[in-house]
Amino acid sequence: MIKIIFAWIIGALLLLQAIRIDIPNPPSHIDPKNEIQAPQEIMSMLKTSCYDCHSYETKMPWYNNIAPISWEVRSHIKDGRAWLNFQEWNNYDEEKQQKIYDGIIKTINYSMPMPIYLSMHEEAKLTQAQRNTIKKWAQSNLKE
Ligand code: HEC
């Protein structure tokens, strides 16, 4: 009985793989002119901790291609890019940029980078000091 259930589960997982979800990763969209400009220290933190979801340069470990993980991951990337794409920065008007700086200040100590992502990406973890540095940088760009 256990064997049959097990076989069904494996079969179902294999079937799921047929539903392919491609993450669009269009290098042709990347125009260096549009990328956010920030001090080197900030840029390198954004690149290691935010770019997987907030740029076109998404790097994914192999298991992210396996359904149903791939569906969840794809939705994070899709939503993340829609909210904020550091490589589209100069296409945003000032109001949107200001909103994002404000959003960074509000989220950097809690929800960004997403905790579920950090649990699988050791390299993207930020120390408290690094979070403070990002927060200060965002604050220095706020115009009020
Ligand atoms: C695993 C994907 C992922 C990573 C990594 C990530 N984000 Fe996000 N981010 C999202 C998603 C998805 C949203 C859309 C809103 C939501 O679901 O909370 C979002 C929304 C945001 C917002 C808008 C939130 C608001 O309420 O205004 C900001 C600002 C933000 N992210 C900043 C960052 C910064 C800064 C980093 C890196 C330090 C980062 N994110 C890393 C996925 C991610």
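You'll find the structure just up there.
Nothing here was measured: the structure is a model prediction, and the numbers come from that model. (Residues numbered from 1 in each chain as written. Predicted model: local features only at pLDDT ≥ 70, side-chain atom pairs only at ≥ 80, totals over all residues. Heavy atoms only, no water.)

Draft legend 1. Focus on the site of the ligand. Surveying the vicinity of the ligand reveals 18 residues, the closest of which are Cys50, Cys53, His54, Trp83 and Met112. Broken down by secondary-structure element, the contributors of at least two residues to the shell around the ligand are helix H3 (51-54), helix H4 (69-83) and helix H5 (94-107). For the shell around the ligand, a count of residues per class yields 12 nonpolar, 5 polar and 1 charged. (Near = heavy atom within 4 Å. Helix = DSSP H or I, 4+ residues; strand = E, 2+ residues; numbered from the N terminus. Nonpolar A, V, L, I, M, F, W, Y, C, P; charged D, E, K, R; others polar.)

Draft legend 2. Main features of the environment of Asn141. You can see Asn141 is positioned in the segment after helix H7 (128-140). The spatial distance from the C-alpha of Asn141 to the C-alpha of Gln98 is 7.8 Å, given a sequence separation of 43 residues. Ignoring anything within four residues of it in the chain, the contact list for Asn141 reads Gln98 and Tyr101. Within the local environment of Asn141, its side chain forms a polar contact with the backbone oxygen of Trp137, the two atoms lying 2.9 Å apart. (Contact = heavy atoms within 4.5 Å. Polar contact = N/O pair within 3.5 Å; in protein donor to acceptor, adjacent residues only side chain to side chain.)

Draft legend 3. Broad picture of the coordination of the iron atom of the ligand. Those donors, His54 (NE2) and Met112 (SD), are the protein atoms that reach the iron atom of the ligand, and they lie 2.0 to 2.2 Å from it. With 6 donor atoms in place around the iron atom of the ligand and angles of 84 to 178° between them, the coordination shape is octahedral. Residue His54 is found in helix H3, and its partner Met112 is found in the loop between H5 and helix H6 (115-118); the two are separated by 58 residues along the sequence. (Donors = N, O, S within 2.8 Å, 3.2 Å for Na, K, Ca; no water. Tetrahedral: all angles 85-135°; square planar, octahedral: opposite > 155°, others 65-115°.)

Draft legend 4. Up close: H7. The end-to-end C-alpha distance of H7, which contains 13 residues, comes to 18 Å, matching closely the 18 Å that a straight helix rising 1.5 Å per residue would cover. Along its buried surface, H7 packs onto helix H2 (40-49), H5 and H6. (Expected span 1.5 Å × (residues − 1).)

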